[in-house]
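# Reading the structure
Okay, here's what each chain looks like letter by letter:
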Amino acid sequence: MAKIRVQYFAILRERAGRAGEEIDTVAATAGALYAELEGRYSFPALRSVKVAINDEFCPWDAPLSPGDSVVFIPPVAGG
Amino acid sequence: MSTLSRDEILRYSRHLVMPEITLAGQERLKAARVLCVGAGGLGSPLLLYLAAAGVGTIGVVEYDKVDLSNIQRQILYATSDVGRPKIEVAGSRLGALNPGIRIVPHAGKLTAANAAGIIRDYDIVADASDNFPTRYLVNDVCVLTGTPDVYASVFRFEGQLSVFDARRGPCYRCLFPEPPPPGLVPACADGGVLGVLPGILGTLQALEVIKLILGIGEPLVGRLLLVEALATSFRDIRFGKSAGCAVCGATPTVTAPVDYEAFCGIDTATGRSAAHDLPRVSVTQFLVRQRAGEAGELVDLRDTPELAIAAIPGARSLPLADLPARLHELDSARHYTLCCHRGERSVEAFYLLWKAGFRRLDILDGGIDAWAEQGDGRVARY
């Protein structure tokens with residue numbers, strides 16, 4: 001189990017009902033972590049979301065390390 | 001000799017004395033041509049600051065009229081402007097602010113047909129629009145014409161800001177290769193927005209535009225600034241050019257503007273038709289069917305704060321965010337008419353329910369807003 005700090009933006013924040021949280025997870029990659037949360041919060045499909053680990057956007061198969069800060073960012077269009 | 005007049009020297013004196021700007025920098029601002037796509041929440045402060053700073057040519061693309069619900073954040077407009085075309089009001093307001101600059105009105109919508117012709121005449125584009133089709137259109141035409149795109153967008157208490165300049169960094173499509181499925185991301189009208197938030201993001205857009213013109217500082221190229229107003233948090237996330245980007249990658253597939261409504265309207269996962277092809281029922285049709293006992297049960301997908309503003313008697317409340325977890329409350333054999341503020345959330349709910357096996361579905365066209373307008377004067381518009 002690794003402790004990961006997760007932050008949610010826009011629609012993900014609405015769905016999760018919180019801005020962020022610390023999660024104990026066995027997920028090895030950003031994508032696996034999203035899949036875990038997708039079920040818990042009924043998040044939208046992964047295609048329309050970007051993930052950043054430690055303030056850098058990365059691919060979904062990027063590995064997670066304990067203590068990482070993960071941000072899930074969907075696009076917004078309001079103006 | 002400077003090309004600035006005595007009045008201009010006084011007007012811009014707080015710029016001129018700084019070594020990063022000087023007379024030469026102010027002359028660059030005067031010579032610059034900036035196009036602002038949208039004169040709404042973001043465009044209001046953006047245009048005011050660009051005009052105040054002395055950007056010599058400012059183009060404005062806008063088709064809408066001032067609505068009372070705009071004034072909470074669109075600070076270009078006064079209450080007495082309600083009903084007037086925004087482009088006219090913006091022109092006179094900016095002209096009064098700074099008579100020494102040229103405001104070029106582009107009344108109408110930016111389209112795949114006219115965008116390249118308009119953008120070609122500008123050095124920088126600021127995307128202050130409010131919808132995905134326009135954002136992809138602005139990005140693609142900026143990439144194709146080699147124009148920097150200073151981008152900002154807002155949602156509720158959050159904002160995003162970046163400078164897309166494909167000549168030296170990534171573009172919007174490198175970041176978000178495809179739009180979200182229709183209905184997933186509510187517009188300001190549906191999702192709401194804290195009025196001051198586009199004020200902050202639009203002001204930051206003006207900052208990035210001015211930095212680009214002056215060639216000072218570090219532009220937000222290859223970084224997405226995330227602004228979160230409730231925590232007052234700013235963080236920027238680095239990203240690079242995507243080699244496979246459809247418009248700025250090594251082998252682009254987008255070499256001319258495409259049909260952006262279709263691009264943003266089709267659920268590419270299922271290949272289902274565009275959102276406007278979904279079965280819809282007008283308020284009048286619904287009322288007729290209801291009297292005949294043939295209408296679907298109304299499912300109101302709006303959030304709790306909205307129910308307090310206006311509600312249709314007898315509608316079942318089921319906020320869209322809760323729908324996946326509360327699907328069991330609905331019966332797939334029954335006929336439901338989906339309703340939200342204006343119809344966007346109903347589209348996502350439609351797809352969600354369709355995937356879950358519901359087939360007897362339709363959407364109340366125009367949502368409770370249309371209901372308030374046509375069906376029931378006691379229901380407030382918002």
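Residues numbered from 1 in each chain as written. Chains lettered and ligands numbered in written order. Predicted model: local features only at pLDDT ≥ 70, side-chain atom pairs only at ≥ 80, totals over all residues. Heavy atoms only, no water.

The next subject is the sheet that holds strand β10 (residues 297-300) of chain B. All names here are of chain B. If you walk across this open sheet you meet the five strands as β9-β13-β12-β10-β11, and the pairing is parallel. Of all the strands in the sheet, the pair left with one neighbour each is β9 (280-281) and β11 (316-317). Both β9 and strand β13 (residues 361-364) contribute to a ladder of two bridges, which runs parallel. Looking across to β13, one finds that Arg 280 is bridged to Ile 363. Each of β9, β12 (336-339) and β13 is contacted by helix α14 (residues 344-355), which is oriented at about 175° to β13, the strand it contacts most. (Pairing = 2+ DSSP bridges. Helix = DSSP H or I, 4+ residues; strand = E, 2+ residues; numbered from the N terminus. Contact = heavy atoms within 4.5 Å. Axes fitted to C-alpha atoms, helices over the stretch in contact; angles between N-to-C directions.)

Bringing the interface of chain A and chain B into the picture now. At the junction of the two partners, chain A supplies 26 residues and chain B supplies 43 residues. Looking only at chain A, the three residues that lose the most surface to chain B are Arg47(A), Val76(A) and Gly79(A), adding up to 22% of its buried area. Inspection of the region where chain A meets chain B yields seven salt bridges. Here Arg13(A) ties to Glu228(B) by a salt bridge, and the two come within 3.2 Å at their closest N and O atoms. Taken together, chain A and chain B are joined by 20 residue pairs in polar contact (both at pLDDT 80 or more). (Buried area = accessible area lost by both parts, 1.4 Å probe. Salt bridge = Lys/Arg side-chain N within 4 Å of Asp/Glu carboxyl O. Polar contact = N/O pair within 3.5 Å; in protein donor to acceptor, adjacent residues only side chain to side chain.)

Residue and element names in this part refer to chain A. Note that strand β3 (residues 50-53) and strand β5 (residues 69-73) share four bridges and pair antiparallel. The partner of Ile 53 across the bridge, within β5, is Val 70. Turn length for the β3-strand β4 (residues 56-58) hairpin, with the two strands adjacent in sequence and antiparallel, is two residues, and the turn residue Asn 54 shows positive phi of about 50°.

This part covers helix α5 (residues 86-97) of chain B. All names here are of chain B. Taking 1.5 Å per residue as the helical rise, α5 with its 12 residues ought to reach 16 Å, and the 16 Å between its terminal C-alpha atoms agrees with that figure. Buried residues of α5: Lys 86, Ile 87, Val 89, Ala 90 and Leu 94, and no others. Angular distribution of buried residues about the axis of α5 spans 160°; they occupy a single face of the element. Looking at the buried residues of α5, the elements they touch are α4 (43-53), β2 (57-62) and β3 (102-107). (Expected span 1.5 Å × (residues − 1). Buried < 20%, exposed > 50% of the residue type's maximum accessible area, 1.4 Å probe, protein only. Arc of directions from axis to C-beta.)

All right, on to the domain arrangement of chain B then. Annotation of chain B at the domain level lists domain 1 (32-263) and domain 2 (278-373). A separation of 33 Å is found between the C-alpha centroids of domain 1 of chain B and domain 2 of chain B. (Domains from an automatic or database assignment.)

Bringing the environment of Phe263(B) into the picture now. Residue and element names in this part refer to chain B. Of note, Phe 263 is situated in helix α11 (residues 260-265). What makes Phe 263 partly exposed here is its relative accessible area of 23%. In this structure, the C-alpha to C-alpha distance between Phe 263 and Thr 57, residues 206 residues apart in sequence, is 32 Å. Setting aside its immediate chain neighbours within four residues, Phe 263 contacts Tyr 136, Arg 173, Pro 177, Glu 178 and Pro 179.

So, about the environment of Thr79(B). Residue and element names in this part refer to chain B. Turning to its location among the elements, Thr 79 is positioned in the loop between β2 and α5. Once the C-alpha coordinates of Thr 79 and Glu 329 are considered, the two residues, 250 residues apart in sequence, prove to be 44 Å apart. Sequence-distant contacts of Thr 79, that is, excluding residues within four places in its chain, are made with Leu 68 and Ile 71.

All right, on to the packing of aromatic side chains then. Per the stated rule, a full pass over the model turns up 19 aromatic pairs over all chains. Geometrically, the ring pair formed by Tyr41(A) and Phe43(A) is tilted, given 5.4 Å between the ring centres and 35° between the ring planes. Judged on exposure class, the residue Tyr41(A) and its partner Phe43(A) are both buried. For the pair Tyr136(B) and Tyr172(B), a centre-to-centre distance of 4.8 Å together with 50° between the ring planes defines the contact as tilted. (Phe/Tyr/Trp six-rings, centres within 6.5 Å; stacked < 30°, edge-to-face > 60°.)

Let us look at the packing of helix α3 (residues 22-31) of chain B against helix α10 (residues 196-214) of chain B. Residue and element names in this part refer to chain B. One way to put it is that α3 packs onto α10 with a least axis distance of 9 Å and a crossing angle of 115°. Taken together, the axes of α3 and α10 are roughly perpendicular relative to one another. For the element pair α3 and α10, the recorded crossing hand is right-handed. Between α3 and α10, the contacting residues are Gly 25, Arg 28 and Leu 29 on the first element and Ile 210, Ile 213 and Leu 214 on the second. Residues of the contact of α3 with α10, tallied by class, amount to four nonpolar, one polar and one charged. (Parallel < 35°, antiparallel > 145°, perpendicular 65-115°, else oblique. Left-handed = near helix turned anticlockwise from the far one by under 90°. Nonpolar A, V, L, I, M, F, W, Y, C, P; charged D, E, K, R; others polar.)

Quick look at the pattern of salt bridges now. Residues and elements named next belong to chain B. One pass over the full model with this rule turns up 31 salt bridges over all chains. Between Arg 302 and Asp 300 there is a salt bridge, with its nearest N and O atoms 2.7 Å apart. An identical accessibility class is assigned to Arg 302 and Asp 300; each is buried. The salt bridge partner of Glu 329 is Arg 326, with a shortest N-O separation of 2.9 Å. Judged by its relative accessible area of 25%, Arg 326 falls in the partly exposed class. When salt bridges that share partners are traced, they join Arg 342, Asp 369, Glu 373 and Arg 381 into one network.

The subject of this paragraph is the pairing of strand β2 (residues 20-25) of chain A. Residues and elements named next belong to chain A. Burial of β2 is one-sided: the residues Glu 21, Ile 23 and Thr 25 facing one way are buried, the residues Gly 20, Glu 22 and Asp 24 facing the other way are not. Relative to β2, strand β1 (residues 2-8) runs antiparallel, the two being bridged by six bridges. Residue Arg 5 lies in a different strand from β2, and its bridge partner there is Glu 22.

This next bit is on a nonpolar patch on the surface. Together, Phe157(B), Leu194(B), Val196(B), Ile200(B), Leu230(B) and Phe234(B) give the surface a local cluster of nonpolar side chains, amounting to about 530 Å² of exposed area. Considering the arrangement of structural elements, one finds Ile200(B) in helix α10. (Patch = residues over 30% accessible without salt bridge, like charges linked within 9 Å, V, L, I, M, F, W, Y side chains within 5 Å. Areas by Shrake-Rupley, 256 points an atom, 1.4 Å probe, with all protein chains shown as cover.)

In this section: the confidence of the model for chain B. A low pLDDT means the predicted coordinates there should not be read in detail. All names here are of chain B. Considering every residue of chain B, the mean pLDDT works out to 92; 94% of them sit at 70 or more. Considering only residues more than four positions removed or in separate chains, one finds that residues 266-273, a stretch of pLDDT under 50, has 14 contacts. This complex was scored by the predictor with a pTM of 0.85 and an ipTM of 0.93. (pLDDT = per-residue confidence, 0-100.)

Okay, the packing of α4(B) against α10(B) next. All names here are of chain B. Packing of α4 against α10 leaves a shortest axis separation of 7 Å and a crossing angle of 35°. Of the two elements, α4 crosses α10, and the hand of that crossing is right-handed. Contacts from Pro 45, Leu 46, Tyr 49, Leu 50 and Ala 53 of α4 reach α10 at Pro 198, Gly 199, Gly 202, Thr 203, Gln 205, Ala 206, Val 209 and Ile 210. Split into classes, the residues belonging to the contact of α4 with α10 amount to nine nonpolar, four polar and no charged.

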